Amino acid sequence: MKVLRKISFVAFVAGVIVCLLIGPSCGAVLSQDQQTGLKEGWIWIVSVLPPAGGWESDEGQSISLALSILEKETNESARGLAGYDVLFVKESPLEVGKTTERLGEWSNRVALLSFSGDHVDKELIPQVGVMGPLFLSAFGEGVSLRDTTGKVYPYAFALDLPLSYRAGALAQYGEKTLSKGAPVAQFVDGLDPVLSMCADLYAALADQRGRSSLFLGKRGAGDNGYQMECQEAIQGGAKAFILWLDALSVTDIYRQRHQRGEAFALWYGGEPIDRELLRCTGLIAVSQKRPLEEDPYLAVLERKIWQITRKHIPDRVAAARAWTSGMWLLSALQRAGTSSPDVIAKGMTDVEGITLGKEPLRFNSLTHRPEERQVAIMKVENNRFQTIAVLKVRGANAD
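Summary of the structure given here. (Residues numbered from 1 in each chain as written. Predicted model: local features only at pLDDT ≥ 70, side-chain atom pairs only at ≥ 80, totals over all residues. Heavy atoms only, no water.)

### A word on the overall build of the protein
Helix and strand counts for the protein stand at twelve helices and 17 strands. For the protein, the spread of C-alpha atoms along the principal axes amounts to about 80 × 45 × 35 Å. Counting over 399 residues, the protein shows a buried share of 54%. Counting contacts in the protein only where the partners sit at least 6 residues apart, residues at least 24 apart contribute 68% of the total. When the accessible area of the protein is evaluated, it comes to approximately 17,300 Å², of which 52% is carbon and sulfur surface. Seen as two clouds, the 44 positive and the 46 negative side-chain charges of the protein have centres 5 Å apart. (Helix = DSSP H or I, 4+ residues; strand = E, 2+ residues; numbered from the N terminus. Buried < 20%, exposed > 50% of the residue type's maximum accessible area, 1.4 Å probe, protein only. Contact = heavy atoms within 4.5 Å. Areas by Shrake-Rupley, 256 points an atom, 1.4 Å probe, with all protein chains shown as cover. Lys, Arg positive; Asp, Glu negative; His and termini not counted. Charge placed at Lys NZ, Arg CZ, Asp CG, Glu CD.)

### What to know about the pattern of salt bridges
For side chains of opposite charge, pairing can occur when their charged atoms come near one another. In total, this model carries 22 salt bridges according to the counting rule given. Of the charged contacts, one joins E95 and K98 as a salt bridge, the two residues approaching to 3.9 Å between their closest N and O atoms. Look at E95 and you get partly exposed, because its relative accessible area is 48%. Between K392 and E359 there is a salt bridge, with the nearest N and O atoms lying 3.4 Å from each other. Of this pair, K392 sits in strand β17 (residues 384-394) while E359 is found in strand β13 (residues 359-361), placing the two residues 33 residues apart along the sequence. Residue classification places K392 among the partly exposed residues on the basis of a relative accessible area of 34%. (Salt bridge = Lys/Arg side-chain N within 4 Å of Asp/Glu carboxyl O.)

### Quick look at the pairing of strand β10 (residues 265-268)
In the sheet, strand β9 (residues 240-244) pairs with β10 via four bridges, with the strands oriented parallel. Directly across from I242, in β10, lies its bridge partner W267. Following the chain from β9 across helix α8 (residues 247-260) to the adjacent parallel β10, one finds a crossover that is right-handed. (Pairing = 2+ DSSP bridges. Right-handed = clockwise from strand over helix to strand, strands pointing away.)

### Brief notes about the pairing of strand β5 (residues 134-137)
Side-chain alternation along β5 places L134 and L136 on one buried face and F135 and S137 on a second face that is also buried. Strand direction decides the pairing type here: strand β4 (residues 111-114) and β5, joined by four bridges, are parallel. Residue pairing across strands places S114 opposite S137, the latter belonging to β5. In terms of handedness, the path from β4 via helix α4 (residues 118-131) over to β5 forms a crossover that is right-handed. Relative to strand β6 (residues 156-158), β5 is paired through three bridges, and the arrangement is parallel. Residue pairing for β6: L136 is matched across the bridge by F157.

### Considering the packing of aromatic side chains
Counting across every chain of the model gives six aromatic pairs. Between F241 and F264 the ring centres are 4.1 Å apart and the planes differ by 15 degrees, which places this aromatic pair in the stacked class. One end of the pair, F241, is in strand β9; the other, F264, is in the loop between α8 and β10, and 23 residues separate them in sequence. Here F241 and F264 have matching classes, each one buried. (Phe/Tyr/Trp six-rings, centres within 6.5 Å; stacked < 30°, edge-to-face > 60°.)

### Observations concerning helix α5 (residues 165-177)
For α5, which comprises 13 residues, the first-to-last C-alpha distance of 19 Å matches the rise-based estimate of 18 Å (1.5 Å per residue) to within 8%. All of the buried residues in α5 are Y165, R166, A167, G168, A169, L170, A171, Y173 and G174. Lining the buried residues of α5 we find α6 (193-208), β9, β10, β11 (284-287), β16 (372-381) and β17. (Expected span 1.5 Å × (residues − 1).)

### A short note on the side chain of R321
Locating R321 in the fold gives a position in helix α11 (residues 316-336). For R321, the contacting residues outside a window of four places in its chain are F115, A138, F139, L159, D160, K289, L292, L356 and R373.

### A few points about the nonpolar core
As a rule of thumb, nonpolar side chains are buried together in soluble globular proteins. Within the largest apolar cluster, 49 residues are counted, with the highest numbers of intra-cluster contacts made by L67, F115 and M348. With eleven residues, α11 is the single largest residue contributor to this core. Listed in part, the 26 residues of the second largest apolar core include A169, A171, V188 and V286. (Core = buried A, V, L, I, M, F, W, Y, C linked by side-chain atoms within 4.5 Å.)

What follows is the structure in structure tokens.
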């Protein structure tokens, strides 16, 4: 294997130069040398699934540049990747509802690296998570890596913590801001199983800290049974309300609180992306995305990419996610020394020394995600979410 790689290296350099100019190998069409390497067994191929905007978007171009450097540095090293060369192949867009039709194209891949988002990942994970190849989502907050019995798929991994991290973040925030033992009220949309799970997890975490949790049901926007339950919670001593609700319901509760002159704090348990939330001055929300967006290390990565490619990255966050995801995968392949998904999966949780921006990561063999992530506590001020604190939050053993 080592001899084959050495003989073919000079021919392969031309392909590497092209990769630096246009990013990882474009499409699934391989050059003659790459086809030879695949046939002779000295090339490992990782299929890269595109972001929603495609490879020509700012996000797509930034991902391409980051992976092209990883590919170059690996293949120009003395031993390559455990004696192999690696090729990141940019795949064409996947159509939601038909993603599994593409599985046959990836039978000779060592891994799939997805930037396609939750809708695509949710369809692929139940298939490749059991059958292979190994699957790594560069995101993964909104997807489950577990089957219907709660068992983690053996070949599925994700860079983000699951949605349930918000419960842990709010539980920590409560310890820092509320008086000891003060109860917290939770408005829960009982029709949303994910939000209900988060509310249950928060209650369990609060109970461990000696803090009670009052459950108040609300079915979403249009349910006006708020005032009576709100008064009941206030009389029970609640100083903060966690809203596991849709954004419209949150703004409705905020408006009613403002009209009644009530002073309790409002904490939002959903994803803070709806612009209507920016009207709710003082609203608290959490995000595991924000610390990376504000990470000063991204400027270091940007300079590195510019020095090597003489190209600017239009989306530094996307480049950072690509860099970390690629490093995690390549480090696992290096440890494995084989294309066996079982051995690679073991290597994924044994990897050390990986960072996301400047944040060091360790990986959990029970969840197939990082053990913990930095999470921003944000507050609406001047019509925008301002970071007011950053906490380390451990991932719950629940998706």
